[in-house]
Amino acid sequence: MNNFNYQRPFPLQEDETEYRLLTREHVRVRELGGRSILEIAPEGLELLSREAFADVSFYLRAAHLRQVAAILDDPEASDNDKFVAYTLLLNQVVAAGGELPTCQDTGTAIVVAKKGEDVYTGHDDAAAISKGILDTYRARNLRYSQVVPLSMFEEKNTGTNLPAQIDIHATRGNAYEFLFLTKGGGSGNKTFLYQQTKALLTEEALDRFVREKVLELGTSACPPYHLALVIGGTSAEACLATVKKASAGYLDRLPTRGNEGGQAFRDLEWEARVLKICQETGIGAQFGGKYWVHDVRVIRLPRHAASCPVGLGVSCSADRNIKAKITGDGIFLEQLEKNPARFLPPAAPLLAPAVNIDLDQPIENVLKELTRYPVKTRLNLSGTLIVARDIAHARVKALLDEGKPMPEYFKKHPVYYAGPAKTPAGMPSGSFGPTTAGRMDPYVDLFQRHGASLVMVAKGNRSRAVTEACARNGGFYLGSIGGPAAILAKESIKSVRVVDFEELGMEAVREIRVENFPAFIIVDDKGNDFFAGFAR
């Protein structure tokens, strides 16, 4: 007969995170029945949530920024790698001013918490945490991205960025620990579950699997990535929850070997192996090179004998996660980097010059200029762009379906797929980076046949149908850097005005004027696609 021996599933080693004290108010310790009970007032949870989501929207970890800066010193990094890395550092310097968030997609608010058995709140913790989230999203220049269904097909934006995802777990002790994340749509959409079998668990099979499946990540989630690969799990949801935590670095303190109790562990050998596979793809930091990922976490979990779930996901270049804790000593929040300028090199990297493109000339002249250059060419765009994304495209298609004409603004100007964050006082624009191009793929051929979308600007790889449409209709897809939304707002976007569908809020059609707006030719009018050599 086997003896009972409980194994903690995730036995993390000692936490060495640097925390800062927010306050000693709202908490006290009382002795009750020989136990030290930590009492937390709802105001304490509200304060912690408010400060956590403010910090994580404008600051990143020093360790992450150090990895970005290291790209600039790597002789194996491509010019495009270095250009993206340098731009991301400049973006963080702007974001650290506290006005323009790191990314325009300020994300779904996610909270993972471990509440000790000797912690007493006496109220609805999720409600207090949600109140703090609301306060931050209302007070700061963040974007409301959450929509709720009123029926199966009718939705509306909540105007609060609620509801949040809040998962609270019980544990031992009298401390309350937290991981706060903001997960943008592009990053969240690159979370995959593969239901595999025992047959995967050989060196050759796993190597083939990784080489095939990592390519499905593409670039639409804004590389360089922190990539997580989780093999196993007692359920599909347990596997994917581990992916999210691992990509945020939360499980870095796991052991590196398994045991008979089924503890989770990191496999350092496979982490190095998957990192090398990612580097060898040539995808690089969005536009070709070595730095598609910063690092990789490979975590092995126990599984049912008939199941082998595998999870794959990323934390993007806006690596927005922050830890916190409440103890008898007060309320503490992880210290993020408030002076990212210290990671900038003394001078900008020496790169080949970009090609200047005047967007205010007739669109046929813009097309004649673009056709002279190969894919991967770096551009500086100046002039007028029309901004439209998912709902606006659906509205325009509905007009066409009714036999109405394509709006002239769509035919006259290139289209930028984006949706801004709120505009700070005295600035022309809020954070305003590109959104994922692939969501607009179904509209491209139809719109191009009506004389629109002949030049498109967004982020990420696209379907073969878009390449074929561009070859057939003489169009181009230009890739903008995913991630640096703050510096685009501060340096490149000079004016913004709504021109259609104002009631759609951040999804409304806008006209913007830009100067030195960086982009790369990804798909041209000859049927060439930078990503054609990579699986999708």
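Our structure is the block above this text.
Take the nonpolar core next. One finds Leu227, Leu229, Val274, Phe410 and Phe447 to be the most contacted residues of the largest nonpolar core, which totals 77 residues. Per element, the largest residue contribution to this core is six residues, and it comes from helix 3 (residues 79–95). Not counting residues up to four positions away in its chain, the partners in contact with Leu227 are Val214, Leu217, Val274, Cys278, Val293, Asp295, Val296, Arg297, Leu312, Gly313 and Val314.

What follows deals with the sheet that holds strand 3 (residues 35–40). Pairing is mixed across the open sheet formed by three strands, whose spatial order is 2-3-5. The two strands at the open ends of the sheet, each matched to only one other strand, are strand 2 (27–32) and strand 5 (119–120). Across six bridges, strand 2 lies against strand 3 in antiparallel orientation. Bridge pairing in strand 3 links Glu31 to Ser36.

Attention shifts here to the layout of surface pockets. Considering only enclosed or pocket space, the largest pocket measures out at about 1200 Å³ in volume. Lining the largest pocket are 45 residues, and of these Phe10, Leu12, Lys114, Lys245 and Tyr250 lie nearest its centre. Elements with a contribution of two residues or more to the lining of the largest pocket: strand 4 (108–116), strand 8 (165–171), strand 9 (176–183), helix 7 (236–247), strand 13 (293–303) and strand 15 (321–327). With seven residues, the single largest contributor to the lining of the largest pocket is helix 7. Residues belonging to the lining of the largest pocket are distributed by class as follows: 18 nonpolar, 13 polar and 14 charged. Reported here for the second largest pocket is a volume of approximately 940 Å³. Arg143, Ser145, Arg389, Met506 and Glu507 are the residues nearest the centre of the second largest pocket, which is lined by 46 residues in total.

Checked against the element boundaries, Val298 lands in strand 13. When the C-alpha atoms of Val298 and Arg273 are compared, they prove to be 9.9 Å apart, with 25 residues separating the residues in sequence.

This brings us to the side chain of Thr242. With respect to the secondary-structure elements, Thr242 resides in helix 7. With near-sequence residues (within four places) excluded, Thr242 lies in contact with Phe10, Val230, Leu251, Ile299 and Leu301.

Quick look at the pattern of salt bridges now. Per the counting criterion, the structure on display carries 38 salt bridges. With a shortest N-O distance of 3.4 Å, Glu212 and Lys213 are connected by a salt bridge. Judged by its relative accessible area of 15%, Lys213 is buried. One salt bridge in this structure joins Arg497 and Glu511, with 3.3 Å as the shortest N-O distance.

Centre-to-centre distance and the angle between the planes together describe a pair of aromatic rings. As enumerated under the stated definition, the model contains 14 aromatic pairs in all. The interplanar angle of 90° and the centroid separation of 5.4 Å between the aromatic rings of Tyr194 and Phe209 together place this pair among those described as edge-to-face. Here Tyr194, found in strand 10 (residues 192–196), pairs with Phe209, found in helix 6 (residues 203–213); they are 15 residues apart in sequence, far enough to count as distant. What makes Tyr194 buried here is its relative accessible area of 9%.

With that out of the way, let us pick up the pairing of strand 20 (residues 455–458). In the case of a regular strand, side chains alternate between the two sheet surfaces. Alternating positions in strand 20 separate into two faces, Val455 and Val457 on one and Met456 and Ala458 on the other, with burial throughout. Bridge count for strand 19 (residues 415–416) against strand 20 is two bridges, and the pairing is parallel. Residue pairing in the sheet places Tyr416 in a bridge with Val457 of strand 20. After leaving strand 19, the chain enters helix 12 (residues 444–449) and then returns to the sheet as strand 20, a path that is right-handed. Two strands pair when backbone bridges link them, and strand 20 and strand 21 (residues 476–479) are joined in this way by four bridges, in the parallel orientation.

A few words on the sheet that holds strand 13. Across the sheet, five strands lie side by side as 10-14-11-13-12; this open sheet has mixed pairing. With one partner strand each, in any of the chains shown, strand 10 and strand 12 (265–266) form the two edges of the open sheet. Relative to the sheet, helix 6 contacts strand 10, strand 11 (225–233) and strand 14 (308–315), its axis offset from that of strand 10 by approximately 150°. Along the sheet, helix 7 makes contact with strand 10, strand 11, strand 13 and strand 14, crossing strand 14 at roughly 25°.

What follows is about helix 7. Spanning 12 residues, helix 7 covers 17 Å between terminal C-alpha atoms, matching the ideal 16 Å at 1.5 Å per step. Where helix 7 is concerned, the buried positions are Cys239, Thr242, Val243, Lys245, Ala246 and Ser247. Of the surrounding elements, those touching the buried residues of helix 7 are strand 4, strand 9, strand 10, strand 11, strand 13 and strand 14. Of the residues one or two after helix 7, Gly249 is the one with positive phi, at around 80°.

About the thresholds
- Residues numbered from 1 in each chain as written.
- Predicted model: local features only at pLDDT ≥ 70, side-chain atom pairs only at ≥ 80, totals over all residues.
- Heavy atoms only, no water.
- Core = buried A, V, L, I, M, F, W, Y, C linked by side-chain atoms within 4.5 Å.
- Buried < 20%, exposed > 50% of the residue type's maximum accessible area, 1.4 Å probe, protein only.
- Helix = DSSP H or I, 4+ residues; strand = E, 2+ residues; numbered from the N terminus.
- Contact = heavy atoms within 4.5 Å.
- Pairing = 2+ DSSP bridges.
- 1 Å grid on protein atoms, 1.4 Å probe; cavity = no way out; pocket = protein on both sides within 12 Å on 5 of 7 lines; lining within 4 Å.
- Points joined across faces, edges and corners; volume = space filled by probe spheres on them.
- Nonpolar A, V, L, I, M, F, W, Y, C, P; charged D, E, K, R; others polar.
- Salt bridge = Lys/Arg side-chain N within 4 Å of Asp/Glu carboxyl O.
- Phe/Tyr/Trp six-rings, centres within 6.5 Å; stacked < 30°, edge-to-face > 60°.
- Right-handed = clockwise from strand over helix to strand, strands pointing away.
- Axes fitted to C-alpha atoms, helices over the stretch in contact; angles between N-to-C directions.
- Expected span 1.5 Å × (residues − 1).

Spatial relationships are all this shows, so hold off on functional conclusions.
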